[in-house]
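Structural characterization, general
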Amino acid sequence: MTGVIIILTINLLLSFFIFSIAFKVYRMYRRTYLIWFLIALSIVPVIFIYSFIEFSLNLPIYASLFYPIGIIIIEILVIIAQKSLISSVRTEEGEEYKILLREDVALIRAFKKLSNYIIGKISSLIGIENVKRVLEGSIEKYPIIAGCYIGIDERLKTKPMEEDIDEIQEEKLSEAFSYFITKLIELYATFVPYEKIAEELRIEIGKIDRRIIKWFIPFSFFKLVMEPILRECRTEELREIRIVTDIEGVSITKKGGIEFHPIFGYREKQREEKFLSFLERTRHILERFFGESVYDKITENFRKLPNNVKEEMYRYDFIKKLPKGILEEEKITLMSRERLIEELAERKKKLEEAYRRLTEAKFDKMKSTFIDIIAHELKTPLTAIKTYTDLLRKEKLGKLNKIQREKLEKMAKNIERLTKLIDDMLQIPSVDIKELELRKEKFYVKEAIQSIITETEEMAREKKQKININIEDSLTIEGDRKLIEKALKNIILNAIKYTHEKGIISIEAKKDGSFAHLIIKDNGKGIPPSELEKIFEPFYTRDGGGVGLGLAIAKNVVESHGGKIWAESKGKGSTFHVLLKGGII
Amino acid sequence: MIRLLLIVCTLVSLLLPILSYRYFYQIMKLIKVRIGSVLVLGALTVVAGYIFFILPWIFVGDDIEEIRFFSYSIILLGLSILTYGVVKIYLDWKEVMK
């Protein structure tokens, strides 16, 4: 029972979901057939709800009649929807085509429209029988268009063709219809000047949907760009052109008409090449007949092409391949557009980089502020603790026994450690540049280093390490001596710490332009390459020992003095470089 | 009498999909709904589930819970296929309508 209820509930929810999606489709694209589908789908949840009731109340057999009746209603509604859909696809051609119509069917309809336009024009001039004969001839040559016929209303019909062929090959269809339309145009041109025909064809081609326009590109190039010029040529000139332009798939009639339909037997790229080759061969000879003005004529014909064709033409960079003198302005525009795109891409990259840096800088600033606040907040209560501990140790608040004194000593030591740590933390973020300017002084590097060595030699001695100093006596640094000494001391302490017993640490300093270059070198265990950058980050420690602030402070101090600090390590030993403004006195 | 009515109605409900398929075939000749076969499969599965559901009513004259559960399971499968189809159509059309 529970199983049935659960699965019924899932079915009900699913049917609601399907209905809601179908409703969304309807809202997006309102059509009558979708309403029928929607009504059909709305009955499904009703059946499931009824099923709940019938199953729970255990109704008698007549209640089960509801199910087949419900199903029959749904099926009838679906059939009505399908019929409505069929008539919609058959009659409507605008939006319906974009959403539903197969591209091959749409192509047949586009060719049919174009053919009907010309048939409408010529049937009154030559009679429909002659047009029918052209169609029969075309069917004989291209059986693919066998489904076409001229109806009693003297128009080309293609419906049987649309519905009889399972999958239509666009290439074959284009070839067949191009042949048929070319023949119709040839007839039309007997009565009407070709320039006028071209004008009319441009308008008709302009109505073709962009999705299938690529199949009309050869037609546009040959019939609308080149043919108007060839039609202006004399018979003997045309004969010469025919000899010169010997291109497979393209031929010129005695009157200057171009037959190009066999080129649909080639691939799209080859079709384009064939046109370019045709243009290349004819332009020289046309130049002889018309002079330089032929380039203007070709350019003008290209410019007069409908927008849908031009868009397609631009998309495939076809313009760039045109010979010199044709569509020159468009070529420049196209190139500048490409350059603009490149520049935009470049700028986008730069902006992204800047944004990334800004985010990092913001994060660093936040981190510094956070450390600053925490350190200050810790320091205030710590001062009070320290004061009271001192009072207790000095027995100002009463006598202490031995254990209490021991514990207090431990407390005092830890307070001392904590105070030092907080003092260090305070130095990471807040080297005030303005204050620093006031405290700046020139001092000898050697003096500063020796003072540091005096403080640290005890530690080095314990590890039996040797410290070598090689610093020019007159080399000076300009800055806050106290801060710089602290920074250098941290580096030296770091070297002592990570150098094994009896190791050697050398400290060198020399003039490097307007800087003093200090090199602190050890032969300790070295730093892995992946960690060379990280060691200057606050709280970063290599082996978990220490707090990890020493080098961060050193970096902060050096950089706030306009200097630079970096580390190098090649397997064994490490070298720290510090550049600080200075010179020789 | 009721059982006879049930048989007639069920037969009608089984004949109608054949007619519907004829129209569907015509539609597929013209339009480019690529998941047409998915919709047919979904609908057929739902119909199969419905047949299983109605059989006990016709032959036994009552409901059999196990068969009801089984038929609901098949219908669930059919609805799931239909859901895929409908969602796919929605996404495809949404793209085209842009």
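Cut-offs and rules
Residues numbered from 1 in each chain as written. Chains lettered and ligands numbered in written order. Predicted model: local features only at pLDDT ≥ 70, side-chain atom pairs only at ≥ 80, totals over all residues. Heavy atoms only, no water. Helix = DSSP H or I, 4+ residues; strand = E, 2+ residues; numbered from the N terminus. Buried < 20%, exposed > 50% of the residue type's maximum accessible area, 1.4 Å probe, protein only. Contact = heavy atoms within 4.5 Å. Areas by Shrake-Rupley, 256 points an atom, 1.4 Å probe, with all protein chains shown as cover. Lys, Arg positive; Asp, Glu negative; His and termini not counted. Charge placed at Lys NZ, Arg CZ, Asp CG, Glu CD. Buried area = accessible area lost by both parts, 1.4 Å probe. Salt bridge = Lys/Arg side-chain N within 4 Å of Asp/Glu carboxyl O. Patch = residues over 30% accessible without salt bridge, like charges linked within 9 Å, V, L, I, M, F, W, Y side chains within 5 Å. Polar contact = N/O pair within 3.5 Å; in protein donor to acceptor, adjacent residues only side chain to side chain. Pairing = 2+ DSSP bridges. Core = buried A, V, L, I, M, F, W, Y, C linked by side-chain atoms within 4.5 Å. Domains from an automatic or database assignment. Expected span 1.5 Å × (residues − 1). Nonpolar A, V, L, I, M, F, W, Y, C, P; charged D, E, K, R; others polar.

Here we take up the overall build of chain A. Helix and strand counts for chain A stand at 20 helices and 11 strands. Burial statistics for chain A: of 585 residues in total, 45% are counted as buried. Counted over contacts in chain A with a minimum sequence separation of 6, partners at least 24 positions apart contribute 70%. Taken as a whole, chain A presents about 31200 Å² of accessible surface, with 56% of it coming from carbon and sulfur. Between the mean site of the 99 positive side-chain charges and the mean site of the 90 negative ones, chain A shows a separation of 4 Å.

What follows concerns the interface of chain B and chain A. Taken residue by residue, the interface counts 47 residues in chain B and 59 residues in chain A. Summing both partners gives a buried area of about 4800 Å² for chain B against chain A, and 75% of it is carried by carbon and sulfur. Area buried by chain B at its contact with chain A is led by Lys29, Leu30 and Trp93 of chain B, which between them contribute 17% of it. Inspection of the region where chain B meets chain A yields 1 salt bridge. Here Arg68 of chain B and Glu54 of chain A are joined by a salt bridge, their closest N and O atoms 2.7 Å apart.

Right, let's get into a positive patch on the surface. Together, Lys24, Arg27 and Arg30 of chain A together with Lys94 of chain B line one region of the surface with positive charge. Along the polypeptide, Lys24 of chain A turns up in helix H1 (residues 2-28).

Okay, the pattern of salt bridges next. Residues and elements named next belong to chain A. Taken as a whole and assessed by the stated rule, the structure comprises 33 salt bridges over all chains. With a shortest N-O distance of 3.1 Å, Glu204 and Lys207 are connected by a salt bridge. Taking the relative accessible area as the measure of exposure, Lys207 reaches 57% and is therefore exposed. A salt bridge links Glu300 to Lys304; its shortest N-O distance comes to 4.0 Å. When its relative accessible area of 32% is taken as the criterion, Lys304 is described as partly exposed. Residues joined by salt bridges that share partners form a network here, namely Glu186, Lys223, Glu227 and Arg231.

This part covers the side chain of Ser51 of chain A. By the secondary structure assignment, Ser51 of chain A is in helix H2 (residues 32-57). A polar contact is formed between the side chain of Ser51 of chain A and the side chain of Tyr67 of chain A, at a distance of 3.2 Å. Those residues in contact with Ser51 of chain A that lie beyond four places of it in its chain are Leu8 and Tyr67 of chain A together with Phe53, Arg68 and Tyr72 of chain B.

Before going further, it helps to spend a moment on the pairing of strand S11 (residues 574-584) of chain A. Residues and elements named next belong to chain A. Counting buried residues along S11, 8 of its 11 residues qualify, which places the element largely inside the surrounding structure. In this structure, strand S7 (residues 475-479) lies alongside S11, joined through 3 bridges in antiparallel fashion. In the strand pairing of S11, Thr476 is matched with Gly583. Alignment of strand S9 (residues 515-522) against S11, held across 8 bridges, turns out to be antiparallel.

This paragraph deals with the nonpolar core. Residue and element names in this part refer to chain A. In this structure, Phe216 and Phe302 are the most contacted members of the largest nonpolar core, which totals 138 residues. Broken down by element, the residue count for this core peaks at 11 residues, all from helix H5 (residues 103-126). Counting contributing residues, this core receives three or more from each of domain 1 (2-91) and domain 2 (101-334). Beyond its immediate chain neighbours, meaning those up to four positions away, Phe216 contacts Leu107, Ala110, Phe111, Leu114, Ile205 and Ile208. One finds Phe443, Leu551, Val558 and Phe576 within the second-largest nonpolar core, a separate group that totals 40 residues.

All names here are of chain A. For helix H18 (residues 445-462), with 18 residues, the first-to-last C-alpha span of 26 Å sits near the 26 Å given by 1.5 Å per residue. Of all the residues in H18, the buried ones are Val445, Ala448, Ile449, Ile452, Ile453, Thr456 and Ala460. Tucked into the core, H18 has its buried residues touching strand S5 (441-444), strand S6 (466-471), S7, helix H19 (481-498), strand S8 (504-512) and S9. Directly beyond the C-terminal end of H18, a positive phi value near 55 degrees is found at Lys464.

Here the focus is the domain arrangement of chain A. Interfaces are often sized by the amount of accessible area the parts lose when they come together. All names here are of chain A. By the assigned domains, chain A splits into domain 1 (2-91), domain 2 (101-334), domain 3 (335-430) and domain 4 (434-584). Summarising the inter-unit geometry, the C-alpha centres of domain 2 and domain 3 are found 78 Å apart. Scanning the region where domain 2 abuts domain 3 turns up 0 residue pairs in polar contact (both at pLDDT 80 or more). Split into classes, the residues belonging to the side of domain 2 that touches domain 3 amount to 2 nonpolar, 1 polar and 3 charged.

Attention now goes to a nonpolar patch on the surface. Residues and elements named next belong to chain B. Residues Phe52, Leu55, Phe59, Val60 and Phe70 make up a contiguous nonpolar surface patch of roughly 490 Å² in combined accessible area. The element contributing the most residues to the nonpolar patch is helix H2 (residues 36-59), with 3 residues. Topologically, Leu55 is positioned in helix H2.

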